[in-house]
Amino acid sequence: MAEFVSYEDILCSRCRVRMELARADFTYLGHNFHTEVMRCPKCGAVYIPEELAEGKIADAETALEDK
Amino acid sequence: MDKEKAMAFTSGCFRGEPAVCTNACPFHLDLRSFTEKMQKGRFSSAYRQLRSELIFPETVSLLCSAPCEGVCTRKFLDDSVRIHDLESACFELTKKKEPQVYRLPARAERIAVIGGGLSGLVCALRLAIRKYSVTVYEASGSWGGSLKDHPSWEKMEAEIRTQMSPEKIEFVFDHPVGSPDLPDADAVYVATGASGSTFGLLDGWDPGTLAAAAKGIFVGGKVTGCSDIEACLHGMKAAQQIESYLLSGNMPDHAKKEEAGFCGHYISTEGMEKCPAVLPSGGTYTKEEAAAEAARCLQCDCSACMDACEMLQKYRKDPLRISTEIYQDSVVVAGASMRTIGREVSSCNLCGLCERICPENADAGAAILYSRRDRVSMGIYPPAFHDHWLREMRFAMEDASLVMAGSSGETCEYVFFPGCQLGASDPRYVEKAYASLAEEADLSCGLILSCCGIPARWAGMEELENDIAERLREQLHALGNPKVICACTSCERSLREKLPETEIISLYSVLCGFPKEETPVKTDAAVFDPCASSLDASARQSVRVLAERSGIRVQELAWHGEKARCCGFGGHIQAANPELYEEITRNRISESDLPYVTYCANCRETFASRGKQAMHILDAVYGLDDGTRPPVPINMRRQNMLRLKKDIMEKYTDQTFVIPREAWEDMELQIPEELQKKMARTLISEDTVRKALYTAENGGVRFEKEGVFIASIKEGVVTVWIHYQKNGEGYELVKVYSHRMEIAGGQNG
């Protein structure tokens with residue numbers, strides 16, 4: 001089973017271009033938050049890897065929910 | 001938020017207040033602390049506590065009738081704790097009784113104490129310890145007053161002498177004082193004893209503060225007509241009032257209230273073991289006897305709800321504090337301060353046990369529901385906590401809903417309301433039960449497949465909850481207002497509250513009335529009472545009868561009946577607090593090694609998801625399963641609801657129902673067991689995963705690397721991501737995860 005060890009060489013299937021690191025803005029419960037994610041330079045679609053969703057994003061969600 | 005309303009839910013809570021014995025003690029002695037020290041053999045420390053609170057502890061103990069023993073909680077179990085004997089032992093076992101001397105600077109203010117009896121001596125010593133210049137004027141030739149006639153005077157005299165020895169107190173004996181020539185001093189305490197002169201000072205005297213009308217003069221002790229113990233209390237109070245007068249220059253306010261906070265509530269002794277009082281083998285206790293007797297103290301402080309509830313234990317907050325914080329949270333100005341109780345409010349099962357178990361019915365759950373509703377109205381309650389369940393509720397009320405009057409035409413005498421999750425767990429539960437009612441018993445019985453609205457209640461959405469109740473009221477009206485037969489006690493609870501005009505009956509009480517042959521005992525099982533069953537003793541009893549008739553020898557769990565605890569599902573806390581949810585469910589399945597028999601579909605599914613053998617009572621009644629049936633995944637619950645609707649419609653009406661089939665349902669998808677478990681834990685439906693897969697495979701946004709494809713989908717307020725690979729003709733799921741944050745502009749660019 002293939003595992004991603006880095007974000008390199010991830011392709012956007014529709015645009016057939018390589019994803020690039022880019023800043024993405026998030027909103028949750030009326031608060032804003034931003035972090036680096038992979039984004040398709042052509043169509044702008046964003047990829048959130050598991051480590052980010054269950055790490056930094058989950059922590060920020062918890063902090064905002066507790067406010 | 002209405003502060004009074006928030007506080008009223010838990011106003012009966014008396015946790016943290018002084019114990020009943022302290023309440024009864026004229027000196028408000030902290031006897032919990034005293035017995036704790038005695039139990040540990042710290043006799044000198046116990047002695048110092050008594051001395052600092054009583055000044056002459058042995059004398060007071062000899063004079064005191066021990067009202068603490070009269071009120072002790074242990075008297076309801078066996079015998080009161082023998083505080084008086086413990087005090088005697090403390091005096092015997094303490095070697096060093098000489099007072100501690102504090103080197104404080106001398107104060108210039110002069111205080112005159114008129115009368116060398118107990119009250120005067122107490123006041124004089126207290127002020128002398130504070131280094132005031134104290135003179136005691138005594139009419140007779142020695143101090144002691146009426147104590148000198150006490151049979152134990154010798155003992156008292158020795159103690160008073162020891163305690164006064166390091167301090168400087170000037171005594172003027174054989175000096176009767178007569179009005180108007182009170183001695184020249186900055187403050188005067190008149191304590192001339194039972195037959196002493198009042199110098200006319202009792203006119204305008206305030207018994208609360210001991211203040212006379214004239215500035216700087218206080219009157220107390222037996223001259224005011226009180227007892228020895230009160231005289232002693234007066235001496236202490238006079239010292240305190242004199243010092244406060246000397247510091248401020250003002251006499252005390254008359255109207256000031258006595259100390260508040262002494263409630264005198266009893267904790268429950270239910271289930272406590274008996275242990276009779278230890279009697280002294282000799283004149284007083286030995287060390288061992290004293291420690292054993294002191295250990296009988298229950299350290300009375302109510303923890304009934306906290307002992308019962310994991311949520312209260314986890315956050316270590318008693319109901320009073322919960323109400324306080326709930327109100328404080330409601331007035332928080334965003335940015336200026338933080339809310340403190342959001343997670344707790346979302347972590348309550350709303351099972352009502354805290355209220356039922358509280359001797360004063362303090363209701364932390366009701367306060368928490370109030371807060372959830374308030375948070376929803378303020379727009380600060382995280383929607384992700386309840387979104388999943390609200391979507392399931394909508395599905396049950398719309399896609400899977402059915403209302404029919406049954407064979408009797410337009411209206412019916414009864415209507416079966418199984419609740420949304422019974423058929424979702426196993427359609428046969430509803431089909432069999434309905435057949436029993438409408439066919440075997442030939443009742444004029446209709447059927448409503450829908451939801452009682454409890455998910456809306458738990459989500460704090462009161463308006464939606466009321467709308468659902470109103471809709472159900474209309475449905476019942478159209479059926480001729482039949483009696484409602486509930487299979488779920490949570491539905492029962494909701495309907496009783498929302499539709500008080502409707503007669504509600506438990507399915508189990510009805511089934512119990514039908515004749516059935518007894519089955520020989522096949523197995524033992526513990527009945528797990530659902531939390532909402534506390535309001536229906538008849539349902540609880542009927543379930544036990546049905547179980548026995550079905551060959552189950554019923555065993556009782558420690559927490560059953562009125563004390564039934566929630567399986568963990570209640571209040572829909574799983575998304576808000578998965579760790580606590582895990583802990584609660586783990587604790588419930590560990591209560592007994594026996595299989596469980598319950599009568600709530602959610603309890604059954606919750607236990608099954610933890611691998612606990614758990615059957616629904618209808619499994620036993622209809623011989624459907626022994627409780628080893630695996631839990632039903634989210635998407636299968638929906639399928640079961642639809643299948644039930646179809647089967648019922650085809651059997652009992654002339655209508656048909658076509659179960660909608662979506663394109664993604666036909667895709668070949670393998671989901672490894674680990675990921676299935678994760679999906680159940682994080683409330684991700686297989687349907688959602690399939691939708692994401694279908695969209696990605698049909699021209700939607702998709703990423704790829706080395707044969708693995710990535711796609712996402714927004715379901716409600718949650719974004720679900722999947723990683724998958726092709727596997728022959730179909731697909732295999734590699735990863736699944738979710739987040740609640742939204743990407744500005746959307747994840748699809």
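Here is what the cut-offs are and how they apply
- Residues numbered from 1 in each chain as written.
- Chains lettered and ligands numbered in written order.
- Predicted model: local features only at pLDDT ≥ 70, side-chain atom pairs only at ≥ 80, totals over all residues.
- Heavy atoms only, no water.
- Helix = DSSP H or I, 4+ residues; strand = E, 2+ residues; numbered from the N terminus.
- Buried < 20%, exposed > 50% of the residue type's maximum accessible area, 1.4 Å probe, protein only.
- Contact = heavy atoms within 4.5 Å.
- Areas by Shrake-Rupley, 256 points an atom, 1.4 Å probe, with all protein chains shown as cover.
- Rg over C-alpha atoms; globule rule 2.2 N^0.38 Å.
- Pairing = 2+ DSSP bridges.
- Right-handed = clockwise from strand over helix to strand, strands pointing away.
- Patch = residues over 30% accessible without salt bridge, like charges linked within 9 Å, V, L, I, M, F, W, Y side chains within 5 Å.
- Salt bridge = Lys/Arg side-chain N within 4 Å of Asp/Glu carboxyl O.
- Buried area = accessible area lost by both parts, 1.4 Å probe.
- Polar contact = N/O pair within 3.5 Å; in protein donor to acceptor, adjacent residues only side chain to side chain.
- Axes fitted to C-alpha atoms, helices over the stretch in contact; angles between N-to-C directions.
- Domains from an automatic or database assignment.
- Expected span 1.5 Å × (residues − 1).
- Arc of directions from axis to C-beta.

Participant: Is there a simple way to explain the overall build of chain A in this structure?
Facilitator: Secondary structure summary: chain A contains one helix and five strands in total. The proportion of buried residues among the 67 residues of chain A is 43%. Taking as baseline every contact in chain A between residues at least 6 positions apart, the subset at least 24 positions apart corresponds to 30%. Counting every atom, chain A has about 3,600 Å² of accessible surface; 49% of that belongs to carbon and sulfur.

Participant: Got a minute to help me understand the overall build of chain B in this structure?
Facilitator: Across its full length, chain B carries 31 helices and 20 strands. Whereas a compact globule of 749 residues would reach a radius of gyration of roughly 27 Å, chain B reaches 36 Å, over 25% beyond that. In terms of its C-alpha atoms, chain B occupies a principal-axis envelope of roughly 115 × 65 × 50 Å. Sorting the 749 residues of chain B into buried and exposed places 55% on the buried side. By sequence separation, contacts in chain B at least 24 residues apart represent 71% of the contacts at least 6 residues apart. Surface exposure of chain B reaches about 32,100 Å², of which carbon and sulfur atoms provide 48%.

Participant: Would you take a moment to explain the pairing of strand 11 (residues 523-528) of chain B for this structure?
Facilitator: On a regular strand, one side chain projects to one face of the sheet and the next to the other, so that they alternate. Residues and elements named next belong to chain B. When strand 11 meets strand 12 (residues 552-556), the two strands line up parallel, connected through five bridges. Paired with Ala525 across the strands is Val554, a residue of strand 12. For the crossover from strand 11 across helix 25 (residues 537-549) to strand 12, the handedness is right-handed.

Participant: Even after reading the chapter, I still don't get unusual backbone geometry, so can you show me in this structure?
Facilitator: Residues and elements named next belong to chain B. The backbone of Gln299 shows a phi angle near 50°, a positive value even though the residue is not glycine. For Gln299, a relative accessible area of 28% corresponds to the partly exposed category. Despite not being glycine, Leu683 has its phi angle at roughly 60°, a positive value. By relative accessible area, which is 14% here, Leu683 ends up buried.

Participant: Can you help me understand a nonpolar patch on the surface in this one?
Facilitator: A surface patch of nonpolar side chains, about 270 Å² in accessible area, is lined by Tyr102, Leu104 and Ile129 of chain B. Tracing the chain through its elements places Ile129 of chain B in helix 8 (residues 118-129).

Participant: Would you take a moment to explain the interface of chain A and chain B for this structure?
Facilitator: Accessible area lost during the coming together of the parts is what is often quoted as the interface size. If you look at the interface, chain A gives 40 residues, while chain B gives 36 residues. For the chain A and chain B pair, buried surface summed over both sides reaches about 3,300 Å², with 59% attributable to carbon and sulfur atoms. Connecting chain A to chain B are seven salt bridges. In this structure, the salt-bridge partner of Arg343 of chain B is Glu65 of chain A, at a minimum N-O distance of 3.0 Å. Here chain A is connected to chain B by 16 residue pairs in polar contact (both at pLDDT 80 or more). For the side of chain A that touches chain B, the elements supplying multiple residues, two or more each, are strand 1 (11-12), strand 3 (20-28), strand 5 (46-47) and helix 1 (50-66) of chain A. Looking at which element gives the most residues to the side of chain A that touches chain B, the answer is helix 1 of chain A, with 11 residues. Note that strand 3 of chain A and strand 20 (residues 742-743) of chain B share two bridges and pair antiparallel. Paired with Thr27 of chain A across the two strands is Glu742 of chain B, which belongs to strand 20 of chain B.

Participant: Where do I start with the sheet that holds strand 20 of chain B in this structure?
Facilitator: Backbone hydrogen bonds hold the strands of a sheet together, and the pairing may be parallel or antiparallel. One open sheet holds the four strands; their spatial order is 5(A)-4(A)-3(A)-20(B), and the pairing between them is antiparallel. The open sheet has two free edges, formed respectively by strand 5 of chain A together with strand 20 of chain B, since each of these has just one partner strand. When strand 3 of chain A meets strand 4 (residues 31-39) of chain A, the two strands line up antiparallel, connected through nine bridges. Note that in strand 4 of chain A the partner of Ala22 of chain A across the bridge is Val37 of chain A. Where helix 1 of chain A meets the sheet, its contacts fall on strand 3 and strand 4 of chain A, and the angle it forms with strand 4 of chain A comes to roughly 175°.

Participant: Which parts of the structure should I look at to understand the pairing of strand 8 (residues 445-449) of chain B?
Facilitator: Residue and element names in this part refer to chain B. Within strand 8, five of the five residues are buried, leaving the element largely enclosed by the surrounding structure. The alternating pattern of strand 8 places Cys445, Leu447 and Leu449 on one face and Gly446 and Ile448 on the opposite face, and all of these are buried. By the bridge criterion, three bridges tie strand 7 (residues 414-417) to strand 8 in an arrangement that is parallel. Across the sheet, residue Val415 finds its bridge partner in strand 8, namely Gly446.

Participant: Explain the domain arrangement of chain B here, please?
Facilitator: Domains assigned within chain B are domain 1 (3-11 + 302-381), domain 2 (20-97 + 287-294), domain 3 (110-248) and domain 4 (663-739). When each unit is reduced to the centre of its C-alpha atoms, the spacing between domain 1 of chain B and domain 4 of chain B is 39 Å.

Participant: Explanation requested: the sheet that holds strand 5 (residues 217-219) of chain B in the structure shown.
Facilitator: Residue and element names in this part refer to chain B. Strand order across the open sheet formed by five strands is 3-2-1-4-5, with parallel pairing between neighbours. Looking at which strands have only one partner, the edges of the open sheet turn out to be strand 3 (169-172) and strand 5. Neighbour-to-neighbour, the strand axes of the sheet open up by a mean angle of 20°, direction not taken into account. Where strand 2 (residues 133-137) lies against strand 3, four bridges are found, and the strand directions are parallel. Bridged to Val136 within strand 3 is Phe171. Lying on the sheet, helix 10 (residues 228-248) is in contact with strand 1 (110-114), strand 4 (187-190) and strand 5; it crosses strand 4 at an angle near 165°.

Participant: Hey, could you run me through the pattern of salt bridges in this one?
Facilitator: Working definition: two side chains of opposite charge can pair if their charged atoms are close together. Residue and element names in this part refer to chain B. Summed over all chains, the structure comprises 59 salt bridges over all chains. Lys714 is paired through a salt bridge with Glu742; the nearest N and O atoms lie 3.6 Å apart. Here Lys714, found in strand 17 (residues 708-715), pairs with Glu742, found in strand 20; they are 28 residues apart in sequence, far enough to count as distant. Residue class for Lys714 comes out partly exposed when judged on its relative accessible area of 37%. Using a relative accessible area of 39% as the deciding quantity, one classes Glu742 as partly exposed. Linked through salt bridges whose partners overlap, the residues forming this network are Arg373, Arg457, Glu462, Glu465, Glu497 and Lys498.

Participant: I keep staring at helix 26 (residues 578-589) of chain B and nothing clicks. Help me out?
Facilitator: Residues and elements named next belong to chain B. For helix 26, which comprises 12 residues, the first-to-last C-alpha distance of 17 Å matches the rise-based estimate of 16 Å (1.5 Å per residue) to within 8%. Within helix 26, burial applies to Leu580, Tyr581, Ile584, Thr585, Arg588 and Ile589. Viewed end-on, helix 26 has its buried residues packed into an arc of 160°, placing them on one side of the element. Residues of helix 26 that are buried make contact with helix 13 (310-315), strand 11, strand 13 (596-598) and helix 27 (601-609).

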